[in-house]
Amino acid sequence: MGLQARPGAGMMPARLHRPRLAILALHPVQYHAPLYREIAASGAVDLTVLYCARRGNKPQYEEEWDVALLDGYRHHFLLNLGRVGWPQPLSRINPGVVSWLVRERYDVLMIQGYTQLTDWLALLAAKSAGTKVIFRGEATPGSHGRLSGHPLKHRAAATMIRYADRVLYSCTGNRLWFEEHGAERARMALIPCAVDNVFFEAQRAAILANPLSPKRQVGLDDGVFHVASVANMIPRKRLHDLVAAVARLQEGGLPAGLILVGDGPERERLASMVGELAVKDAHIVGWANQRMVCGYNAAADVFVVASDYDPSPKALSEALLFGLPVVCADAIGTAADLVADGENGYLFPAGDVEALAHGLSLILQDPDLRAAMGRRSLAIAAEWSMAAAARSVVQAVELVLNGR
């Protein structure tokens, strides 16, 4: 497989005064909050998360996602003069970040983007205050679509990288993106693109402890092999390829079914395609929170990511935690890290329906292979954990403060 986290590495040794770390974040996100909690719980740094907007900070948002977004770590909301729907550089305009960083004089600031005005205000303020800067990213080559090759965008990314004291990349695809923009290996380290393993492992254990089978728990037929995907229903996710592949499996006599979890502008097209191809046992579930997604992952027999490009789909990481074999498009940023071809699944060229169907057929027709691949998925998922990601951040803090 590709890059590995350093699961054996420890946190920084105890200090009389803990380093003060600020993390600049767009808004509360269900996938990032567990990392902030893990860093804070380590006790190795004094963490404050600076949020640029309150989007997501709503009671109904936490209720819908069924996760706590702000518990377990110190945070502060900066006044945002921009609007979320405005062009990207102007959706986060937080001039207060300058006075805040100059006044607080953190030891280290972690910036997680370069496309917002506030990212640059924060960089300037940190440099003025003598604060070390860590730049974390998740982009992959081509992941910004039509804007990916724009010279101004390339120059902006290269500038942010040049002024950062340390760069944290989330996967092999992200490392390649950083290298394309001038990052030197000596200043780079892996922060595993992880999800909340503890949460998903607990959900899986609870589902398996239920006397009903996982399929029956979500109303599915135990006699059908279910192929699942969790994704926004937008064109670049190429869910239509998955519908076509399942139709081919059924034409070949395999008792295959389909689970599509998500919503978006492509949903009506996908439903029409299911009807036109007469795909049986197809379930277009719609939007689901994390606990609901767990139920469908537990019921599935194999998981698919078919996107044209996708820097770091968290749904793939979640699927591994349910012991699922995966068939994944090679355009995915985390594909080289999370999919060991032939070991826990298969890689296929994005858009190649025949190759996708072939990979699914191999897995679904061989129960021993399916079980072995599921075990390998669990092993890979254990390495790419939130705890390992938190260690990476803490180690980066130590390195930049020691001048290494």
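Residues numbered from 1 in each chain as written. Predicted model: local features only at pLDDT ≥ 70, side-chain atom pairs only at ≥ 80, totals over all residues. Heavy atoms only, no water.

(A) Quick peek at the sheet that holds strand β10 (residues 282-286). Within the open sheet, the 6 strands sit side by side as β10-β9-β8-β11-β12-β13. Their pairing is parallel. Looking at which strands have only one partner, the edges of the open sheet turn out to be β10 and β13 (345-348). For this sheet the average axis-to-axis angle between neighbouring strands, irrespective of direction, equals 20°. Direction of pairing for strand β8 (residues 225-230) relative to strand β9 (residues 256-261): parallel, over a ladder of 6 bridges. By the bridge assignment, alanine 228 is partnered in β9 with isoleucine 259. Relative to the sheet, helix α10 (residues 267-276) contacts β9 and β10, its axis offset from that of β10 by approximately 165°. (Pairing = 2+ DSSP bridges. Helix = DSSP H or I, 4+ residues; strand = E, 2+ residues; numbered from the N terminus. Axes fitted to C-alpha atoms, helices over the stretch in contact; angles between N-to-C directions. Contact = heavy atoms within 4.5 Å.)

(B) Structural context of the packing of aromatic side chains. Under the counting rule described, the total for this entry stands at 6 aromatic pairs. Taking 5.5 Å as the distance between ring centres and 65° as the angle between the ring planes, the aromatic pair formed by tyrosine 36 and tyrosine 73 counts as edge-to-face. You can see tyrosine 36 sitting in helix α1 (residues 33-42) and its partner tyrosine 73 sitting in the loop between α2 (59-65) and β3 (74-77), a full 37 residues away along the chain. An identical accessibility class is assigned to tyrosine 36 and tyrosine 73; each is buried. With a centroid separation of 5.3 Å and an interplanar angle of 25°, the aromatic rings of tyrosine 51 and phenylalanine 77 are classed as stacked. With a gap of 26 residues between them, tyrosine 51 in strand β2 (residues 46-51) and phenylalanine 77 in strand β3 connect regions that are remote in the sequence. Three or more aromatic residues link up through ring pairs in this structure, and these residues are Tyr114, Phe135, Trp177 and Phe178. The ring of phenylalanine 77 is capped by arginine 54, whose NZ or CZ atom sits 4.2 Å from the centre of that ring. Over the ring of tryptophan 86 we find arginine 83; its NZ or CZ atom is 5.9 Å from the centre of that ring. (Phe/Tyr/Trp six-rings, centres within 6.5 Å; stacked < 30°, edge-to-face > 60°. Buried < 20%, exposed > 50% of the residue type's maximum accessible area, 1.4 Å probe, protein only. Lys NZ or Arg CZ within 6 Å of the ring centre and 35° of its normal.)

(C) View of the sheet that holds strand β4 (residues 108-111). Spatial ordering of the open sheet is given by β3-β2-β1-β4-β5-β6-β7, a layout of 7 strands whose pairing is parallel. Looking at which strands have only one partner, the edges of the open sheet turn out to be β3 and β7 (188-190). Between one strand axis and the next, the sheet turns through 25° on average, direction left out of account. Contacts from helix α6 (residues 172-180) reach β5 (132-137), β6 (166-169) and β7 within the one sheet, and its direction differs from that of β6 by about 145°.

(D) Local environment of the confidence of the model for the protein chain. Chain-level statistics for the protein chain give a pLDDT mean of 91 and a share of 91% at 70 or above. For residues 1-15, every residue scores under 50 in pLDDT, and the model assigns this stretch 43 contacts once sequence neighbours within four places are set aside. The low-confidence segment residues 57-62, where pLDDT is below 50, has 10 contacts with residues more than four positions distant or belonging to other chains. (pLDDT = per-residue confidence, 0-100.)

(E) Seen up close, the environment of serine 272. Along the polypeptide, serine 272 turns up in helix α10. Sequence separation of serine 272 and leucine 90 is 182 residues, and the distance between their C-alpha atoms is 38 Å.

(F) Structural context of the pattern of salt bridges. Inspection of the entire model under this criterion finds 17 salt bridges. Close ionic contact of lysine 314 with glutamate 138 constitutes a salt bridge, the shortest N to O distance being 3.2 Å. One end of the pair, lysine 314, is in helix α12 (residues 314-320); the other, glutamate 138, is in the loop between β5 and α5 (151-163), with 176 residues separating them in the sequence. Lysine 314 gets classed as buried once you look at its relative accessible area, which sits at 12%. Across the pair arginine 376 and glutamate 343 runs a salt bridge, and its minimum N-O distance is 3.0 Å. Of this pair, arginine 376 sits in helix α15 (residues 367-383) while glutamate 343 sits in the loop between α13 (335-338) and β13, and the two are 33 residues apart along the sequence. (Salt bridge = Lys/Arg side-chain N within 4 Å of Asp/Glu carboxyl O.)

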